[in-house]
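# Structural features, examined
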Amino acid sequence: MLVLGIESSCDETAAAVVADGRRILSSTVASQIEFHHPYGGVVPEIASRKHIEAISEVTKQAIETAGLTVEHIQAVGVTRGPGLVGSLLIGFCFAKAFAFSRHIPWMAVDHLEAHLESVQLMDDPPDYPYVALLASGGHTNIYYLPSRGVYRLLGQSRDDAVGEAYDKVAKMLGLGYPGGPVIDGLARKAGGEAVAFPRPFLDKDGFDFSFSGLKTAVNRYLESSDQPLAKVASQVAAGFQQSVVEVLAYKIINAARVYGCSRLAVVGGVAANQGLRSRLEADCSGLGLKAFFPPLDLCGDNAAMIAALAHQAVCLGRNDSFDLDVYSRRPRPT
Ligand code: KG4
Ligand code: ZN
């Protein structure tokens, strides 16, 4: 079955064609980063306008790259939320219109469940059960997945998401948006010199996180430092990343231990972080655990994960009503 996926929840307009929920025939992503970069974060109004400009072309490209025409598409999956309502609506209405005009089923899927599904698109995906860390610009959640399609939320950030903290610290350091990749690169260049920052919630039981205090600690350090920003930026980046990586690695490994899993997965934009990947791979191999990370192009927002999740829904006979609407936040946590 050939499913067209469409994603427009934040600042990426994406379309993809996935065969049988497993084989990615195409995955096209039009990033808006250059338009948001001057503002140090995503500007919702700009995001909506850019989605409108890009959606038709991105979809056309995805279908052509797959070597197909619209007649071949058998179902459409689209992100329903969470995300920016103005942005979501562009992909959502486009997907409805596509499915309506072609008389094919359409599925409105959850963006977080799709990130969790992204790891199943790997050549060698994890078997169930496993625990997963979803670390992105909007979420820092830990889940237990006993079987396909079942997600039990174990913990989440009580304030900023980890990707959001990366973006805010990068803004303080004058590094622009998005902050994650720049801080990750700077931290690697720091040559072992790192400012010591607190490890938030490392001493707490449970699987919740907090990153706003860490962000404040970075801000205080910068305010009290008499060194020019350019001189301290890499040590601050390294210290911030060490703190984040230690907390994330500790919590997800602890979740695997508590839930008796020998496998863990990390998904979402922050799963691209090289510091986190190498730390988890080293820690897991010492403990007899296996860490799974999707390939880099499936970590950030993409439509292949949307199509893969929609495929599962089609197989269950689902065909959503055109009356459905988008949501900015999940109606209830999973
Ligand atoms: O999953 P994603 O593309 O969008 C959301 O659903 O939020 O995640 C975007 C987030 C941004 O905050 C970005 O700074 C962060 O992922 N990110 C990274 C890295 N690459 C992207 N954070 C840390 N290290 C990276 N290499
Ligand atoms: Zn995302």
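Everything below is about the structure shown above.
Residues numbered from 1 in each chain as written. Chains lettered and ligands numbered in written order. Predicted model: local features only at pLDDT ≥ 70, side-chain atom pairs only at ≥ 80, totals over all residues. Heavy atoms only, no water.

### Here's the deal with the overall build of the protein
Summing up its helical and strand segments, the protein has ten helices and ten strands in all. Since a compact globule built from 334 residues should have a radius of gyration of about 20 Å, the 20 Å found for the protein is in line with a globular shape. In terms of its C-alpha atoms, the protein occupies a principal-axis envelope of roughly 65 × 45 × 35 Å. A fraction of 72% describes how many contacts in the protein between residues 6 or more apart in sequence connect residues 24 or more apart. A total of about 14200 Å² of accessible surface is found on the protein, and carbon and sulfur atoms cover 52% of it. Taken as two groups, the 30 positive and 35 negative side-chain charges of the protein have centres that lie 4 Å from each other. (Helix = DSSP H or I, 4+ residues; strand = E, 2+ residues; numbered from the N terminus. Rg over C-alpha atoms; globule rule 2.2 N^0.38 Å. Contact = heavy atoms within 4.5 Å. Areas by Shrake-Rupley, 256 points an atom, 1.4 Å probe, with all protein chains shown as cover. Lys, Arg positive; Asp, Glu negative; His and termini not counted. Charge placed at Lys NZ, Arg CZ, Asp CG, Glu CD.)

### Brief notes about the sheet that holds strand S7 (residues 140-145)
What the five strands build is an open sheet, ordered S8-S7-S6-S9-S10; its pairing is mixed. Pairing within the sheet leaves two strands with one partner each, and these edge strands are strand S8 (152-156) and strand S10 (290-292). Each neighbouring strand pair of the sheet contributes to a mean axis angle of 20°, computed without reference to strand direction. In this structure, strand S6 (residues 130-135) lies alongside S7, joined through six bridges in antiparallel fashion. When the sheet's bridge partners are listed, Ala135 is paired in S7 with Thr140. In the packing of helix H4 (residues 111-118) onto the sheet, the strands contacted are S6, S7 and strand S9 (263-267), and the crossing angle to S6 comes to about 120°. (Pairing = 2+ DSSP bridges. Axes fitted to C-alpha atoms, helices over the stretch in contact; angles between N-to-C directions.)

### Let's talk about helix H10 (residues 304-315)
The first and last C-alpha atoms of H10 sit 17 Å apart over twelve residues, in line with the 16 Å expected at 1.5 Å per residue. Among the twelve residues in H10, eleven count as buried, and that is most of the element. Those residues of H10 lying buried are Ala304, Met305, Ile306, Ala307, Ala308, Leu309, Ala310, His311, Gln312, Ala313 and Val314. In this structure, the buried residues of H10 make contact with strand S1 (2-7), strand S2 (12-19), strand S3 (23-31), strand S4 (75-81), strand S5 (106-110) and H4. (Expected span 1.5 Å × (residues − 1). Buried < 20%, exposed > 50% of the residue type's maximum accessible area, 1.4 Å probe, protein only.)

### Digging into the pattern of salt bridges
All told, the structure shown has 14 salt bridges when counted by the stated rule. Residue Glu45 is joined to Arg49 by a salt bridge in which the shortest nitrogen-to-oxygen separation is 2.7 Å. Taken together, the residues span about one helical turn, with Glu45 and Arg49 both in helix H2 (residues 44-65) at a distance of four residues. Classification of Arg49 by relative accessible area gives exposed; the value is 52%. In this structure, Glu113 and Arg330 form a salt bridge, with 3.3 Å as the shortest nitrogen-oxygen distance. In this pair, Glu113 is assigned in helix H4 and Arg330 in the segment after H10, connecting sequence segments 217 residues apart. (Salt bridge = Lys/Arg side-chain N within 4 Å of Asp/Glu carboxyl O.)

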